[in-house]
Amino acid sequence: MNKLFSYEGLYYRIFSFIANLILVNLLFWLSSLTIILIGPALIALYRTIYQMIKEHESAVSITFIQNLRDNFKRGLVLTVFIPLLLVGIGAGTFVLFNITNYLGFLAIVFFGLSLLFICTFLIIYSVYSWPLKKAVHETFYVVLSSSANSIILLVIPALTSWFMIKWGFFLFIALGVAVSACLQLFFFIKVLEENDEGN
């Protein structure tokens, strides 16, 4: 019984991990208050949680701020790249729908693949220090070679947000973004990253 509640026990580790997620979530919301910091904040969020999982990082506030500072320029690229990509996807889908009704299915496929790309790209670009071109190339490879895994990466935040908002909007604000990112990264590490290391 003493082992269960000890510093190295399961109880302490679980609640310490949850407390760290709440802290990272709060730091993300505070960083995102200025629109220009949304990109750096997303990278800091994913990187910090990635380090919590892989390296058992516990000093999350220091780690988050360091990741935010170290990836400021990369984050600005993300702040510009994602909205431009969303505008391009919206325009492409609109054009395909309006050319002819027969291209409606193609427009839906294009829109779906684009969402998979954005979701997977956010994780890859945030976790690895690759240049934009390499991150885009690797994201295309992941989405096209293992679409089922990319779909899961997209579904995880949608389901997490839905469940948390259903339980209470405050729960989503307190934990939603960090829990979604954490579940995505658990899946990403176990399925995609470890498979690549094994090959």
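Everything below is about the structure shown above.
(A) Highlighting the side chain of N71. With respect to the element layout, N71 can be found in the loop between α3 (60-70) and α4 (72-99). With a relative accessible area of 4%, N71 lands in the buried category. Separated by 2.9 Å, the side chain of N71 and the backbone oxygen of N67 make a polar contact.

(B) Seen up close, helix α6 (residues 132-145). Counted at 1.5 Å a residue, the expected span for α6 with its 14 residues is 20 Å, and the 20 Å between its end C-alpha atoms agrees. Considered for burial, the residues of α6 that qualify are A135, V136, T139, V142 and V143. In a view along the axis of α6, the buried residues occupy a sector of 125°, so they form one face of it. What points out from α6, more than 90 degrees from its buried face, is the exposed set K133, H137, Y141 and L144.

(C) Broad picture of the nonpolar core. L21, L45, I49, L78, F121 and L185 are the most contacted members of the largest nonpolar core, which has 48 residues in total. The set of elements that each furnish at least two residues to this core consists of α1 (10-31), α2 (38-54), α3, α4, α5 (104-127), α6, α7 (147-167) and α8 (169-198). With twelve residues, the single largest contributor to this core is α8. Discounting residues that sit within four places of it in the chain, I49 has contacts with L21, V24, A178, A181, C182 and L185.

(D) Inspection of the packing of aromatic side chains at higher detail. Within this structure, the stated rule accounts for ten aromatic pairs. Grouped by ring-pair contacts, the aromatic residues F81, F117, F121, Y125 and F140 constitute a single cluster. For R74, the ring lying beneath its charged end belongs to Y125, and the centroid distance is 4.0 Å. Between the NZ or CZ atom of K134 and the centre of the ring of W130, over which it lies, the distance is 4.7 Å.

(E) Quick peek at the layout of surface pockets. Its boundaries defined by the atoms lining it, the largest pocket holds a volume of some 520 Å³. Surrounding the largest pocket, 25 residues form its lining, L42, Y46, I118, L122 and V177 being those nearest its centre. Those elements giving two or more residues to the lining of the largest pocket turn out to be α2, α4, α5, α7 and α8. No other element matches the six residues that α8 contributes to the lining of the largest pocket. Among the residues making up the lining of the largest pocket, the classes are represented as 19 nonpolar, six polar and no charged.

Cut-offs used in this document
Residues numbered from 1 in each chain as written. Predicted model: local features only at pLDDT ≥ 70, side-chain atom pairs only at ≥ 80, totals over all residues. Heavy atoms only, no water. Helix = DSSP H or I, 4+ residues; strand = E, 2+ residues; numbered from the N terminus. Buried < 20%, exposed > 50% of the residue type's maximum accessible area, 1.4 Å probe, protein only. Polar contact = N/O pair within 3.5 Å; in protein donor to acceptor, adjacent residues only side chain to side chain. Expected span 1.5 Å × (residues − 1). Arc of directions from axis to C-beta. Core = buried A, V, L, I, M, F, W, Y, C linked by side-chain atoms within 4.5 Å. Contact = heavy atoms within 4.5 Å. Phe/Tyr/Trp six-rings, centres within 6.5 Å; stacked < 30°, edge-to-face > 60°. Lys NZ or Arg CZ within 6 Å of the ring centre and 35° of its normal. 1 Å grid on protein atoms, 1.4 Å probe; cavity = no way out; pocket = protein on both sides within 12 Å on 5 of 7 lines; lining within 4 Å. Points joined across faces, edges and corners; volume = space filled by probe spheres on them. Nonpolar A, V, L, I, M, F, W, Y, C, P; charged D, E, K, R; others polar.

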